Amino acid sequence: MLDFLSVRALLTSDERAVWDVTRDFVTNEVLPHVGGWWDEDGAPRDLLRTFGRQGLLGPTLPEAYGGSESTQNAYGAAMYELERADSGLRSLASVQGSLVMGPIYRFGSEDLRRRFLPGLASGELVGCFGLTEEGGSDPGAMRTRAVRDGDAYVLNGSKVWITNAPHADVAVVWAHVAGEGKVGGFVVETDTAGFRAPKIDGKLSLRTSVTGEIVLEDVRVPASHRLEGARGLGAPLSCLTDARFGIAWGALGALETVFETAREFASGRVTFGSPIASRQLVQEKLARMLADHAKGLLLAWRIGVLKEAGQHTHAQVSLAKRDNVRAALNAARSAREVLGASGITTAYPVMRHLLNLETVDTYEGTHDIHTLVLGREITGISAFG
Ligand code: TGC
Ligand code: FAD
């Protein structure tokens, strides 16, 4: 395990145990198959149930709802391990846990919690999170509308780039609520009349994860399926803060894989009579990857400690998501260079991670959007508009 600054020693023994168990699971049951899932354009449906049995879905939630009350950093370490295999598999877990179970637990009624959370935790139900429309960086501009009609809300609009949507049983959909001037959240069962979720084909990134649109045409959602505690854009954004924290840990798992692949390749590849690992230019690339991983792990751990104490800010999480993902993306680009031509093939995991990390750099707030979040934090002036 790559841990140059012994960050593991800062974790509790329970957190280390979660890390170790998830690492074994990923090594034995995920890594042998992940290349095939990439080629086939999607992991099998049953993988979510396996994740459920491993306790990887919504682990920070109370046991009564299928969670295991794990700490933030235990959750982070589990996301690290999934993304060590593939960003799309971490997406599968982080969407289900942080973006579907999270809002139902935090903002939903007790009935909604009891009805949906256990099935989502076990992986029997697939969930998706529908926020993005055209111009996803500006979710406040969404056009999807919910109009109250008797004991239901009627939803019209569309969402795009929605992870898991084509397979989902349950969609958490965000919409402007007519007459309120605020964004509200709705738990929509996907077999409701007027709901469609066509798959988006042709992805060259995150291929182990299925992505789709959501089309809502006069979809009647019982009023009891509204997330009553969610009033305003801050509600979905707070769920994103949880998922972005998982990504800040996860991206470092991908970084570990590309670093180890480059290190091993460099030791074996001989040019001009010596392994390329003996060359200063190659060592500089490896040193940069190692340094970024070490600093990123400290950053992720620290945000986890703050989050556990409820003392984090969303700008701190933006910093961690932004910097750790870009560090992993840069490492993947360097590792690909170290591997030369071999770097572009599926014989090594580097190009797959590189392509995945292009998505990770964009979703959950693009690199530049997080830069502007920090800019606003520093100057008090918003540069978004
Ligand atoms: P702004 O005025 O800044 O905020 C509106 C209200 O929300 C509060 N807030 C947050 N609260 C919690 N966590 C956060 N991260 C928050 N960011 C903002 C804010 O305090 C305010 O509250 P209040 O009470 O004052 O009303 O809103 P804005 O319209 O100026 O937009 C700001 C911006 C650009 C930062 C935000 O909209 C944004 O984050 N844009 C990026 C959108 C994004 O990340 N979309 C992700 C979609 S889901 C996804 O990609 C899943 S990928 C699958 C996977 O994760 O694996
Ligand atoms: P845009 O917002 O159109 O941005 C385009 C470019 O302009 C970016 O470089 C951006 O940084 C830049 N830009 C935008 N505004 C500004 C500004 N004010 N100043 C400077 N630069 C700016 N969304 C969901 O809701 N649920 C999901 O499950 C989900 N899963 C996804 C899965 C995949 C594989 C992908 C690729 C995306 C997913 N998304 C999901 C959507 C994702 O969150 C959005 O792609 C992301 O928020 C960016 O939105 P956009 O692609 O529309 O880009």
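Residues numbered from 1 in each chain as written. Chains lettered and ligands numbered in written order. Predicted model: local features only at pLDDT ≥ 70, side-chain atom pairs only at ≥ 80, totals over all residues. Heavy atoms only, no water.

Identification of the chain as Glutaryl-CoA dehydrogenase from Deinococcus yavapaiensis KR-236 is taken from an unreviewed UniProt entry. Taken from UniProt, the Sequence similarities (unreviewed entry) comment for the chain reads in full: "Belongs to the acyl-CoA dehydrogenase family." In its Cofactor (unreviewed entry) section, UniProt records this for the chain: "FAD". (UniProt positions renumbered as here; feature names shortened; annotations may be inferred.)

Caption draft 1: Geometry of the overall build of the chain. Of regular secondary structure, the chain possesses 10 helices and nine strands. If one aligns the C-alpha atoms of the chain with their principal axes, the spans along those axes are about 80 × 45 × 40 Å. The buried share of the chain, taken over its 385 residues, is 55%. Taking as baseline every contact in the chain between residues at least 6 positions apart, the subset at least 24 positions apart corresponds to 75%. (Helix = DSSP H or I, 4+ residues; strand = E, 2+ residues; numbered from the N terminus. Buried < 20%, exposed > 50% of the residue type's maximum accessible area, 1.4 Å probe, protein only. Contact = heavy atoms within 4.5 Å.)

Caption draft 2: A look at the site of ligand 2. Among the 20 residues in the neighbourhood of ligand 2, the closest are listed as T132, G136, S137, W161 and T366. Between ligand 2 and G136 there is a distance of 2.7 Å, counted from an oxygen atom to a backbone nitrogen or oxygen. One nitrogen or oxygen atom from the main chain of W161 is found 2.8 Å from a nitrogen atom belonging to ligand 2. The protein chains hide 68% of the 990 Å² of surface that ligand 2 would expose on its own. Looking at the shell around ligand 2, its residues break down into nine nonpolar, nine polar and two charged. Both domains that furnish three or more residues to the shell around ligand 2 are identified here as domain 2 (127-231) and domain 3 (235-379). (Near = heavy atom within 4 Å. Polar contact = N/O pair within 3.5 Å; in protein donor to acceptor, adjacent residues only side chain to side chain. Areas by Shrake-Rupley, 256 points an atom, 1.4 Å probe, with all protein chains shown as cover. Nonpolar A, V, L, I, M, F, W, Y, C, P; charged D, E, K, R; others polar. Domains from an automatic or database assignment.)

Caption draft 3: Region of interest: the nonpolar core. One finds F51, I104 and W174 to be the most contacted residues of the largest nonpolar core, which totals 112 residues. Apart from residues no more than four positions distant in its own chain, I104 is found in contact with L112, R113, F116, L117, L120, V172, V187 and L227. (Core = buried A, V, L, I, M, F, W, Y, C linked by side-chain atoms within 4.5 Å.)

Caption draft 4: Representation of the pairing of strand β7 (residues 211-222) within the structure. In this sheet, β7 lies alongside strand β3 (residues 152-163) in antiparallel orientation, the contact comprising nine bridges. Looking at β7, one finds that K159 is bridged to I214. The sheet contact formed by strand β6 (residues 195-196) and β7 spans two bridges and is antiparallel. Paired with F195 across the two strands is L216, which belongs to β7. (Pairing = 2+ DSSP bridges.)

Caption draft 5: The arrangement of the packing of helix α3 (residues 72-85) against helix α6 (residues 234-268) in detail. Remark: α3 packs on α6, axes separated minimally by 7 Å, with the N-to-C direction vectors making an angle of 45°. The pairing of α3 with α6 is recorded here as oblique in orientation. The crossing of α3 and α6 is right-handed. Packed against α3, whose contacting residues are Q72, N73, Y75, G76, A77, M79, Y80, E83 and R84, the element α6 presents D242, F245, G246, W249, G250, A251, L252, G253, A254, E256 and T257 at the interface. Classifying every residue of the contact of α3 with α6 by side-chain character gives nine nonpolar, seven polar and four charged. (Axes fitted to C-alpha atoms, helices over the stretch in contact; angles between N-to-C directions. Parallel < 35°, antiparallel > 145°, perpendicular 65-115°, else oblique. Left-handed = near helix turned anticlockwise from the far one by under 90°.)

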